[in-house]
Amino acid sequence: MPVEPGKIRNVAVVGHRSTGKTSLVEAMLFQAGAINRLGTIEAGSTTGDWDDDEHNRQMSLAASLCHVEWQGRKINLIDTPGDPGFQGDMIAALRVVEGALVTVSAVMGVEVQTSRAWQRAEQYDLSRVVVVNMLDRERADFFRTLESLRDQLSPRCVAVHLPIGAEHELTGVVDLLHMKAYTSPEGEREAAPSEIPGEFESQVAEYREKLLDSVVETDEALMERYLDGQELSDEEVAHALKDAVTRGEIFPVACAVATKNLGTTALLDLLVEGVPSPAKKHIDLGVGDDGTAAFVFKTIADPFAGRINVLRVISGEVKSDSTLANHRSHSKERVGQLLALQGKEHTQQEAFGAGDIGAVAKLKDTTTGDLLLDAEREVETPELGFPEPVMSFAVTPKAKGDEEKVGTALRRLSEEDPTLVIRRDPQTGEQLLSGLSQIHVEVAVDRVRSRFGAEVELHQPRVPYLETIRKESRAQGRYKKQTGGRGQFGDAVIVLEPLEGHQGYEFADEIVGGVIPQSFRPAVDKGIQEAMQHGELAGAPVQGLRVRLIDGSYHSVDSSEMAFKIAGSLAFKQAYEQADPVLLEPIMDVEVTVPDESVGAVNGDLNSRRGRLQGMEPKGGMTTIKAEVPMSEILTYSQSLTSLTGGRGDYHMSFARYEEVPSHIAQKIIAEAKQDKEEAAV
Ligand SMILES: Nc1nc2c(ncn2[C@@H]2O[C@H](COP(=O)(O)OP(=O)(O)OP(=O)(O)O)[C@@H](O)[C@H]2O)c(=O)[nH]1
Ligand SMILES: [Mg+2]
């Protein structure tokens, strides 16, 4: 029997890198009895981080689906990676849940990716619970962290738990909703709650009052009774709290020490009692709810089970041994085995009902972002809104002959992870691998080796320069070979004119009186276009000009298409030299988000990269700087930004337009291109 929507809680666990998301999920699984041992990141034994690459790097690299049963409810937990390079999985997870559990470190408070996750959750109008983790660490401070949450995320963040003690003297957690304390031995299963220790009474009373004030403020009827001095029952408070959390009017703040399994019971209670079920809150995927619909938000390449698709049932019921239609490819998919996932472990399942999240193995043509329907109908596939890749590398196989293997491997990886993009640059001919961060691309390279057995190398990609002209010019190209046997003769006179915006190519046939027969004129055009593929300045493609073919001559026996092609290219090369040619470079629109205190250093650095500042927007301790920077100057930006901001900066960029390269820089590029050409010729 599928679980009723009212008994499901779907929660994406999101937050900055290394704030304990995976450890918290582990603690919840352990406390709820879904697993028998509390695994650790250090031993590589957590349920969420099951991949070898995750063990090696001690970080999550992909979303991982788990579930627990608590208070008769099924809580689906999606543990997501905190590294911005893997935020595709965070975004996808947030798209399919009603609630987000946002983790922060009690030492660090709100960090870059905390705000990013928060904004995404806000965009999708999700209910949010914050958990302040790592309260046992040196310099951890719950109250300071709570202030930073209220300042930087929302003033509606309200404590529902309090720590008992602090740092290494932390001994437990108080649940302000139920007025109970948890002080069980560290690392074992938390025991039933106990009385709140007497010495904390006044602090607890203060925060309980703050909590009640916030809750009743969202519920008029309750407010009246509260002001009347009536006692409110736990159920009433919980009920009003859930309504407020559902509407985004309160963001409860919990306490935890994930690695010691402290605060886990209260956190699980909060997820059940505070987060709305799919029956209570509607997430808008824009699909309606006629018939069966399921949205695939994650594809896993499982070493044993092959490809596994993780899906959220939007409406209806997905059953094993049934058939669904893929809305994108219109192909029929045979749904064989359905799987309930616990990290990498799976158990077979008969069906998933509306609102539930589960997995299906071995679909032939379905991946991340696909919509599965019981019958074709007119709906839009939900958008995942992934960010564009920010950094590109040229990839080459280490061994000759591995090109195809590498190509296949990269294509597979980008199917699994749409934020990993591979393409061939038509201009430079290089195979480019683009991703969201350095680690993102490096992990892909590791996987090409470990899963597909091919070694690849990464290089800085070539900058796709272009060439163009700035002046009108005229030249004649004459190709003549008339000694012995059949000769060759072609003769063309052309005029080059610059086109607006350095873009495009036009060919105007202005021959009058048939001085070049109609049949040979396209050959002139062809010869010119071929010559334009490698401009004379730096061998870059030429664009942004009009060619007028105005005159020429021919020979009734010796003229041929070949001869006119050569004549066209000779005419072009000569005219090009006189047309004041210049080099063009791609300019990128760059957006850099950094802590306020790094703005000066980052601006200075952008300036030294020939960047032009376009604007600055400060927001909650972070400033977004917008600038235009030449691509050649920003290819290796990520390392610099990391060192300028202590790893707290973030950037993305997109192509803006081509612009002339300043002449002193152009001279260098031209000289290098000449040298490359000479070396290649030797
Ligand atoms: N002292 C202490 N250490 C913790 C706590 N929670 C997690 N850790 C440690 O912090 C490190 C990061 O924990 P993870 O669970 O991997 O954090 P994460 O948020 O999943 O990290 P990413 O997935 O890489 O973003 C690990 O070394 C954990 O053992 C805690 O409550 N107290
Ligand atoms: Mg993790």
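Quick caveat, the model's predicted, so the values are computed rather than measured. (Residues numbered from 1 in each chain as written. Chains lettered and ligands numbered in written order. Predicted model: local features only at pLDDT ≥ 70, side-chain atom pairs only at ≥ 80, totals over all residues.)

(A) Structural context of the overall build of the protein. Helix and strand counts for the protein stand at 17 helices and 33 strands. The dimensions of the protein, computed from C-alpha atoms along their principal axes, are 110 × 60 × 50 Å. Expressed as a percentage of its 682 residues, the buried residues of the protein come to 48%. Here the contacts in the protein between residues at least 6 apart in sequence split such that 74% fall between residues at least 24 apart. (Helix = DSSP H or I, 4+ residues; strand = E, 2+ residues; numbered from the N terminus. Buried ≥ 20, exposed ≤ 12 C-beta atoms within 10 Å, placed from the backbone. Contact = placed C-beta atoms within 7 Å.)

(B) Expanded view of the packing of helix α12 (residues 521-532) against helix α13 (residues 561-578). The interhelical angle for the contact between α12 and α13, taken along N-to-C directions, is 50°, at an axis separation of 7 Å. By the angle between their directions, the pair α12 and α13 is classed as oblique. The handedness of the crossing between α12 and α13 is right-handed. From α12, Ala-523, Val-524, Asp-525, Lys-526, Gly-527, Ile-528, Glu-530, Ala-531 and Met-532 reach across to α13, where they touch Glu-561, Phe-564, Lys-565, Ile-566, Ala-567, Gly-568, Ser-569, Phe-572 and Lys-573. (Axes fitted to C-alpha atoms, helices over the stretch in contact; angles between N-to-C directions. Parallel < 35°, antiparallel > 145°, perpendicular 65-115°, else oblique. Left-handed = near helix turned anticlockwise from the far one by under 90°.)

(C) Layout of the pairing of strand β7 (residues 161-164). Of the two faces of β7, the one lined by His-161 and Pro-163 and the one lined by Leu-162 and Ile-164 are each fully buried. Relative to strand β8 (residues 172-175), β7 runs antiparallel, the two sharing four bridges. Directly across from Pro-163, in β8, lies its bridge partner Val-173. (Pairing = 2+ DSSP bridges.)

(D) Quick look at the site of ligand 1. Near ligand 1 lie 23 residues; those nearest to it are Gly-20, Thr-22, Met-59, Ser-60 and Gly-82. Tallying contributions element by element places helix α1 (residues 21-31) first for the shell around ligand 1, with three residues. (Near = placed C-beta within 6 Å.)

(E) Representation of the pairing of strand β19 (residues 357-361) in the model. Within β19, four of the five residues are buried, leaving the element largely enclosed by the surrounding structure. As judged from the five bridges shared by strand β12 (residues 306-315) and β19, these two strands associate in the antiparallel manner. Residue pairing for β19: Leu-311 is matched across the bridge by Gly-358.

(F) The arrangement of the environment of Arg-447 in detail. Summarising the element assignment, Arg-447 is placed in helix α11 (residues 438-452). C-beta crowding within 10 Å serves as the criterion here: with 22 such atoms nearby, Arg-447 is assigned to the buried category. Each C-alpha atom of the pair Arg-447 and Pro-662 lies 41 Å from the other, and the pair is 215 residues apart in sequence. In this view, Arg-447 contacts Asp-53 and Leu-413; residues no more than four positions away in its chain are not counted.

(G) View of the nonpolar core. With 155 residues, the main nonpolar core has Met-28, Ala-93, Leu-94, Val-130, Val-253, Ala-254 and Leu-311 as its most contacted residues. When neighbours within four sequence positions are excluded, Ala-254 is seen to be in contact with Val-129, Val-131, Val-160, His-161, Gly-263, Ala-266, Leu-267 and Leu-270. Membership of the second largest hydrophobic core comes to 28 residues, among which are Phe-489, Val-547, Ala-567 and Ala-579. (Core = buried A, V, L, I, M, F, W, Y, C linked by C-beta atoms within 7 Å.)

(H) Region of the structure containing the domain arrangement of the protein. According to the domain assignment, the protein consists of domain 1 (5-274), domain 2 (293-373), domain 3 (391-459), domain 4 (467-579) and domain 5 (584-664). Contact residues are listed per partner, giving five residues for domain 1 and six residues for domain 5. Looking at side-chain class alone, the side of domain 1 that touches domain 5 contains two nonpolar, two polar and one charged residues. (Domains from an automatic or database assignment. Nonpolar A, V, L, I, M, F, W, Y, C, P; charged D, E, K, R; others polar.)

(I) Examining helix α4 (residues 112-123) more closely. With twelve residues, α4 should cover 16 Å at 1.5 Å per step; its first-to-last C-alpha distance of 17 Å lies within 8% of that length. In terms of residue burial, α4 counts as a mostly covered element, since nine of its twelve residues are buried. Where α4 is concerned, the buried positions are Val-112, Gln-113, Thr-114, Ser-115, Arg-116, Ala-117, Trp-118, Arg-120 and Ala-121. Phi turns positive one or two residues past the end of α4, at Asp-125, with a value near 60°. (Expected span 1.5 Å × (residues − 1).)

(J) Inspection of the sheet that holds β7 at higher detail. Strand order in the open sheet formed by three strands is β7-β8-β9, with antiparallel pairing between adjacent strands. One side of each edge strand has no neighbouring strand; the edge strands of this open sheet are β7 and β9 (180-182). Recorded for the sheet is a direction-independent mean angle of 25° between the axes of neighbouring strands. In terms of strand pairing, β8 meets β9 through three bridges, oriented antiparallel.

(K) Quick peek at helix α17 (residues 663-681). The terminal C-alpha atoms of α17, which comprises 19 residues, lie 27 Å apart, in line with the 27 Å expected from a rise of 1.5 Å per residue. With one of 19 residues buried, α17 is to be regarded as a mostly surface element.

(L) A look at the sheet that holds strand β15 (residues 332-335). The antiparallel open sheet is built from eight strands, whose spatial order is β15-β14-β20-β11-β12-β19-β16-β17. Each edge of the sheet is formed by a strand with only one pairing partner; in this case those strands are β15 and β17 (345-349). Pairwise comparison of adjacent strand axes, ignoring direction, gives a mean angle of 40° for this sheet. Pairing analysis gives five bridges linking strand β16 (residues 338-342) to β17, with the strands arranged antiparallel. What sits directly across from Leu-338, in β17, is Gln-349.

(M) Structural context of unusual backbone geometry. Of note, Met-134 is a non-glycine position whose phi angle comes to about 65°, a positive value. Looking at where Met-134 falls in the secondary structure, it is placed in the loop between β5 (127-133) and α5 (142-152). Overall, Met-134 belongs to the buried group, with 22 C-beta atoms counted inside 10 Å. Despite not being glycine, Lys-362 has its phi angle at roughly 60°, a positive value. The exposure class assigned to Lys-362 is partly exposed, which follows from the 16 C-beta atoms found within 10 Å.

(N) Molecular detail of the environment of Leu-177. Within the secondary structure, Leu-177 sits in the loop between β8 and β9. Leu-177 sits 36 residues away from Asp-213 along the chain, and the two C-alpha atoms are 13 Å apart. Those residues within four positions of Leu-177 in sequence are excluded, and the remaining contacts are Val-160, Asp-234, Val-237 and Ala-238.

(O) Just the environment of Ala-293, in detail. Of note, Ala-293 is situated in strand β11 (residues 293-302). Given 26 C-beta atoms within a 10 Å radius, Ala-293 is considered buried. Taking the C-alpha atoms as reference, Ala-293 lies 37 Å from Phe-655; in sequence the two are 362 residues apart. The residues contacting Ala-293, other than those within four sequence positions of it, are Val-287, Ile-314, Ser-315, Gly-316, Leu-371 and Leu-373.

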